[in-house]
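# An overview of the molecular structure
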Amino acid sequence: VSAEHGTHVAGIAAGSGHLNNWAAAPINVGAAPLADIVHVTYRWSDPNVQDGIWEDDILNALNFILRVADREGQPVVINNSYSTHIGPHNGNTDFDQARNAMLDSFLGRSLVFTSGNDNDDSGFRQESIVAGNTDDFDMSPNFANQDVWLEVWYQGPDLDFKADCGGQTTGWILPSNDFDGTVNGYDIELDRQTEPVSGYKNLRLYIQNAT
């Protein structure tokens, strides 16, 4: 365990209110103190997020918990909090469709995902780019020495792109090329993906040790 977040959330959801003395009256009781807890960890790593293995692991974890609930004949609420905005959040990706299928035509199931993890950082932006035009997107990461992702989801022709940082640049990267290298001392990886079902296209930019 590398942090206390999961324990904190589990206590809010299903804490008994007892600390060390079960004979004492409970305090700070969770919302559902009689609930059973199924805990599943997953393989968070930067390469797994960049390459999409992260989404596969989440689906495997959700499926496991749902199978446990089915076996026990119990309703189930699954809390998901990953502190990431990865995905277009429009319900059209394979990841979204797979999660929806876990709920479709089933009773007693609920999947809960966090929203608003960007606090006041304005985590989303939407606009249209006219064919033949170029648009700039400025980003100033404020997580010192942390890894940062930026995603561009779009429809239409494949985009050319370049990443500029501190006077250095990747130069224009043409379809269907990716980029993996160093710009102004930062390790940068940018991959292209296309959702086979929805047809949505994705540029996923990963910056290591952003400041």
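If you're wondering where the values come from, they're calculated on a predicted model, not measured in any experiment. (Residues numbered from 1 in each chain as written. Predicted model: local features only at pLDDT ≥ 70, side-chain atom pairs only at ≥ 80, totals over all residues. Heavy atoms only, no water.)

## So, the packing of aromatic side chains
- If you walk through the whole model with that rule in mind, you get one aromatic pair.
- Ring geometry for tryptophan 54 versus phenylalanine 95: centroids 5.9 Å apart, planes at 55°, classification tilted. Of this pair, tryptophan 54 sits in helix 3 (residues 53-72) while phenylalanine 95 sits in helix 4 (residues 94-103); the two residues are 41 residues apart in sequence, bridging distant segments of the chain.
- Note on tryptophan 54: relative accessible area 4%, which makes it buried.
- Judged by relative accessible area, which is 12%, phenylalanine 95 ranks as buried.
- In this arrangement the basic side chain of arginine 99 is found over the ring face of phenylalanine 113, its NZ or CZ atom lying 4.5 Å from the centre. (Phe/Tyr/Trp six-rings, centres within 6.5 Å; stacked < 30°, edge-to-face > 60°. Helix = DSSP H or I, 4+ residues; strand = E, 2+ residues; numbered from the N terminus. Buried < 20%, exposed > 50% of the residue type's maximum accessible area, 1.4 Å probe, protein only. Lys NZ or Arg CZ within 6 Å of the ring centre and 35° of its normal.)

## Let's talk about the side chain of glutamate 151
- Counting through the fold element by element, glutamate 151 comes out in strand 3 (residues 146-154).
- A polar contact of 3.0 Å, which involves the side chain of glutamate 151, links it to the side chain of tryptophan 153.
- Among the polar contacts listed, one links the side chain of glutamate 151 to the side chain of arginine 204, at a separation of 2.7 Å. (Polar contact = N/O pair within 3.5 Å; in protein donor to acceptor, adjacent residues only side chain to side chain.)

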